[in-house]
Amino acid sequence: MNNHMEIPWHEYTNKDSKVKIENASLTEKSSIIGRIGLMLLACGTGAWRVRSSMNTIASELNITCIADIGLTNISYTCIDGIKSHAQSLSLHNTSVNTSKLARMEDFVYHFKDECKTCTCNEIHNQLDQIESIHSSYSPIILGLAAALACSCFTFLLGGGPIEMLCAFVGAGLGNTLRMKLIKHNYTLFLNVAASVSLACLAYALLFIFLETYFGIATQHEAGYICSMLFIIPGFPFITSGIDLAKLDLRSGLERLAYAIIIILAATLTAWICALVLHLQPVDFVKLHISTSTKLLLRLLTSFGGVFGFSIMFNSSKKNSRQCRMHWSHR
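Please read all numbers here as calculations on a predicted model, not as lab measurements.

Peer 1: Any chance you could explain the overall build of the protein chain here in plain terms?
Peer 2: Within the protein chain one finds 12 helices and three strands. Along the longest, intermediate and shortest principal axes, the C-alpha atoms of the protein chain span 75 × 40 × 35 Å. When burial is assessed residue by residue, the protein chain has 45% of its 330 residues classed as buried. Sequence-distant contacts, at least 24 apart, represent 73% of the contacts inside the protein chain between residues at least 6 apart. Surface exposure of the protein chain reaches about 17,300 Å², of which carbon and sulfur atoms provide 63%.

See the structure below:
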């Protein structure tokens, strides 16, 4: 459960103050920089991008910022040449929210033009609005997105229609449960174990039903592994590699450890489920389709897989267009 106290950001400034942020005290400027960094970190982005954004805001406010960034923590010091102000901030959890990330990057990019004439309290109000962006989709929609993504990747990995159908049901139910547990702040291990167990159980029950009433081959049970692909922590893996490449060792190693923990927990749970349910995965049944048909299906399932995972990361239809516009102005 969440045992982290909320940070009273608006108490860093006088709400009646008319002083612009560029003329505000070091404490007020520091609160803006720290909150922006923490919000970016909460979106799942790597330490390099968080530090870059904090440095951008600090430069606009004519101060120096030195930050040490981890997976869920930021320790930073702001210096104005005379005084210094240090803070340590922490998140209660980490996730991926690309919609909020796009808004935050847009906020940082336009800070010079739109926010330097604002007061500290006005900027915190703007950040309040961005922070209120949670998931744009319900657990059921996110479950369907995981179902689509995992069933599509089942085909890309060599599975056929039966494996895709069973993976669709298993992944859909598993990720729906996962999102409900996340919403109630349950622990990481319970989240992973419960969602993977449900995905495996749903796959196995549907497979037994199809085997009993439609006489499908036992070899089709191989796709149960694909029903839990939604749990793979792709974002932490990618950002850990980027951070390690840029010698942000603390963030890189913490993200790598986080990803490994999830994979080990999921693997152990899947192994226990396989023993209990007597699942013995073997090679997929070979599909007898033409090369042109297979190529077309691979293109369609590639799109479906990427689309499904993008919805799971809270992407909106406008995100890609906003990103193109953002980078074209750089």
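Peer 1: Help me understand unusual backbone geometry, please; the structure alone is not making it clear to me.
Peer 2: Leave glycine aside and you will find that most residues have negative phi; peptide bonds, for their part, are mostly trans. Even without being a glycine, Asn62 presents a positive backbone phi close to 60°. Looking at the element boundaries, Asn62 is found in the loop between α2 (47-60) and β1 (64-69). A relative accessible area of 61% places Asn62 in the exposed class. Even without being glycine, Asn314 reaches a positive phi, approximately 65°. With respect to the helices and strands, Asn314 occurs in the loop between α11 (291-312) and α12 (319-328). Among the residues examined, Asn314 registers a relative accessible area of 3% and is labelled buried.

Peer 1: So what exactly am I meant to see when it comes to helix α7 (residues 161-183) here?
Peer 2: Residues three or four positions apart in an α-helix share a direction because the helix packs 3.6 residues into each turn. The end-to-end C-alpha distance of α7, which contains 23 residues, comes to 33 Å, matching closely the 33 Å that a straight helix rising 1.5 Å per residue would cover. Taken together, the buried positions of α7 are occupied by Glu163, Cys166, Ala167, Gly170, Ala171, Gly172, Gly174, Asn175, Thr176, Arg178, Met179 and Leu181. Where α7 ends, the next residue or the one after it, Asn185, has phi of about 60°, a positive value.

Peer 1: I keep staring at a nonpolar patch on the surface and nothing clicks. Help me out?
Peer 2: Taken together, the side chains of Phe237, Ile238, Ile242, Ile260 and Leu264 define a hydrophobic patch exposed on the protein surface, amounting to about 460 Å² of accessible area. Only α9 (234-245) and α10 (249-277) provide two or more residues apiece to the nonpolar patch. If you tally residues by element for the nonpolar patch, the top one is α9, at three residues. The residue Ile260 is located in helix α10 in this model. According to the relative accessible area criterion, Ile260 is partly exposed, its value standing at 38%.

Peer 1: I keep staring at the pairing of strand β3 (residues 84-90) and nothing clicks. Help me out?
Peer 2: Working note: regular strand, side chains alternate between the two faces of the sheet. Only one face of β3 is buried: it carries His85, Gln87 and Leu89, and the other face, with Ser84, Ala86, Ser88 and Ser90, is open. Where strand β2 (residues 73-79) meets β3, seven bridges bridge the pair, whose relative direction is antiparallel. Counterpart to Ile79 in the pairing with β3 is Ser84.

Peer 1: I tried to follow the environment of Cys118 on my own but got confused; where do I start?
Peer 2: Residue placement: Cys118 occurs in the loop between α4 (111-114) and α5 (120-131). If near-sequence neighbours (up to four positions away) are discounted, Cys118 is found in contact with Lys20, Ile21, Ile123 and Gln126.

Peer 1: Looking at this model, I keep getting lost on the pairing of β1. Mind explaining?
Peer 2: Alternating positions in β1 separate cleanly, Cys65, Ala67 and Ile69 being buried on one face and Thr64, Ile66 and Asp68 remaining unburied on the opposite face. Pairing of β1 with β2, which is carried by six bridges, proceeds in the antiparallel orientation. Bridging from a neighbouring strand, Cys65 pairs with Cys78 of β2. Counting the residues in the hairpin turn of β1 and β2 gives three residues.

Scoring rules and cut-offs
- Residues numbered from 1 in each chain as written.
- Predicted model: local features only at pLDDT ≥ 70, side-chain atom pairs only at ≥ 80, totals over all residues.
- Heavy atoms only, no water.
- Helix = DSSP H or I, 4+ residues; strand = E, 2+ residues; numbered from the N terminus.
- Buried < 20%, exposed > 50% of the residue type's maximum accessible area, 1.4 Å probe, protein only.
- Contact = heavy atoms within 4.5 Å.
- Areas by Shrake-Rupley, 256 points an atom, 1.4 Å probe, with all protein chains shown as cover.
- Expected span 1.5 Å × (residues − 1).
- Patch = residues over 30% accessible without salt bridge, like charges linked within 9 Å, V, L, I, M, F, W, Y side chains within 5 Å.
- Salt bridge = Lys/Arg side-chain N within 4 Å of Asp/Glu carboxyl O.
- Pairing = 2+ DSSP bridges.

These values are about where atoms sit, not about what they do.
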